[in-house]
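# Descriptive analysis of the structure
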Amino acid sequence: MSLDMEILTALRAAGEGAVSGAEISARLGVTRAAVWSRIQDLRELGYEIEASPHSGYRLLSVPDVLHADDLLSRLSRPRIIGRDIKVFRETTSTNDVVEKLARDDVAEGVVVFADSQSRGRGRLGRKWMSPPRKGLWFSVLLRPLSLMPAQATQLTVMAAVALRRAISEAGLEPRIKWPNDILINGRKLSGILTELRAELDRIKYVIIGIGVDVNLTQSEYPEELQDAATSLEIELKKPVSRPELAVAILNELETSYAALMAGDFSKLASEWQRHCSTIGQHVTVRVGEHSVSGRAEALGDDGSLLVRSEHGHLERVTGGDVKLEKT
Ligand code: BTN
């Protein structure tokens, strides 16, 4: 653990109370001057820390910044997701950063956040708007060795269930649109981009890229997204703390990934179906040049969408873009 992380952990453990400089320096084995200097640096980052000669240090408020040490200090251990966290001010795409780490044989669970992305990407080659400090733009490296490449969609289902749970903790009722969109009142709040490197019978690694629109205001969306997209700030009518939401999502991802690796996909799938706005609807799914139309009946055991076509065939759709048809 770094010094910042240890100091923040000690301050948090004291809750509303204070912790003395002497106690922190004894616990961490550094001088009181070193503690004071780190406290000054944390203050510069926006942490409001009261320093009283009698009682010591007290954490009054945390800023809306993503600070790797702070996020790490708020996650329980041992864990896989968030085992290590890196935060960039700007990058092309956090999926690219994680891809490089994966090629360097970094262990699963590392999470990379960026305050902004210059080439954020969505599914099907689309762009993903990622303005500075307005959302959570991050990617997670997974090495699910027990899954076959054909089951990789299960990871997107797992991530969607985790995301939906974390967002509902903010007091909203998000719905899932197959395969990976989180919607509020029919507008997209969040998306997942799952990228995979595999051999025929073996997954080498999977990168789960997640984008959540947190504090965008209506006027910050371009014209073409005004009706289709929304943010937590728009829905809740108040700004939301990005670090708090990040911690909630990483905790839910830890729980659902553990469930998936323990062979519990069916439980995740039923939770997914309970909150899905696609099942039971008449849909048209575009898959490349083809399209499949019919009633979305269920989620397949590999994470695919089972669509009953007009001719009565049950089609298994593993990718593509779903359009809900009016009936
Ligand atoms: C979609 O709904 O089309 C998926 C959007 C995924 C966006 C996230 S933001 C973090 C990560 N980096 C990217 O370039 N894309 C994903």
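Described in the following lines is the structure provided in the data block. None of the values given here were measured: they were computed from a predicted structure. (Residues numbered from 1 in each chain as written. Predicted model: local features only at pLDDT ≥ 70, side-chain atom pairs only at ≥ 80, totals over all residues. Heavy atoms only, no water.)

### Remarks on the sheet that holds strand β4 (residues 111-117)
Just so we agree on the cut-off: At least two bridges found by DSSP between two strands are what make those strands a pair. A run of H or I in DSSP becomes a helix once it reaches four residues, and a run of E becomes a strand once it reaches two; helices and strands are each numbered from the N terminus. A fitted line through C-alpha atoms represents every axis, and for helices the fit uses only the stretch in contact; the resulting angles, taken between N-to-C directions, go from 0 to 180 degrees.
Spatially, the seven strands line up as an open sheet ordered β3-β4-β5-β9-β8-β7-β6, and their pairing is mixed. This sheet does not close on itself; its edge strands, each paired only once, are β3 (85-91) and β6 (175-177). With direction set aside, neighbouring strand axes in the sheet form an average angle of 20°. Of the pairings in the sheet, the one linking β3 to β4 comprises six bridges and is parallel in character.

### Describing the site of the ligand
To be explicit about the condition: Whether a residue is near a molecule or strand depends on its heavy atoms: if one lies within 4 Å, it is near. In protein, a polar contact requires one atom able to donate a hydrogen and another able to accept it; more generally it is a pair of N or O atoms within 3.5 Å, and residues adjacent in sequence count only if both atoms are side-chain atoms. In short, Shrake-Rupley with a 1.4 Å probe defines the accessible areas, and a residue's cover is counted only from the protein chains shown. Whether a set of points on the 1 Å grid over the protein atoms alone is a cavity depends on a 1.4 Å probe fitting there but being unable to get out, while an open set qualifies as a pocket with protein on both sides within 12 Å along at least five of seven lines; lining residues are those with an atom within 4 Å of a point. Cavities and pockets are treated as containing a molecule whenever more than half of the molecule's atoms lie within 2 Å of their grid points.
Around the ligand, 20 residues are found, and the nearest of them are S93, Q117, R121, R123 and K188. Separating an oxygen atom of the ligand from a side-chain N or O atom of S93 is a distance of 2.7 Å. Contact with the protein chains covers 98% of the free accessible surface of the ligand, which is 420 Å². In this structure the site holding the ligand corresponds to the largest pocket. Those elements giving two or more residues to the shell around the ligand turn out to be α5 (94-103), β5 (135-142), β8 (187-199) and β9 (202-213). Ranked by residue count, the leading element in the shell around the ligand is β8, at four residues.

### Let's talk about the sheet that holds strand β13 (residues 314-317)
Remark on secondary structure: sheet strands pair via backbone hydrogen bonds, oriented parallel or antiparallel. Judged by pairing direction, the sheet is antiparallel, and its five strands sit side by side in the order β13-β12-β11-β10-β14 without closing on themselves. The strands lining the two open edges of the sheet, one partner per strand, are β13 and β14 (321-324). Taking each pair of neighbouring strands and ignoring which way they run, the sheet shows an average axis angle of 45°. Summarising the sheet, strand β10 (residues 282-287) and β14 pair through four bridges and their orientation is antiparallel. Its bridge partner being in β14, V283 is matched across the sheet by L324.

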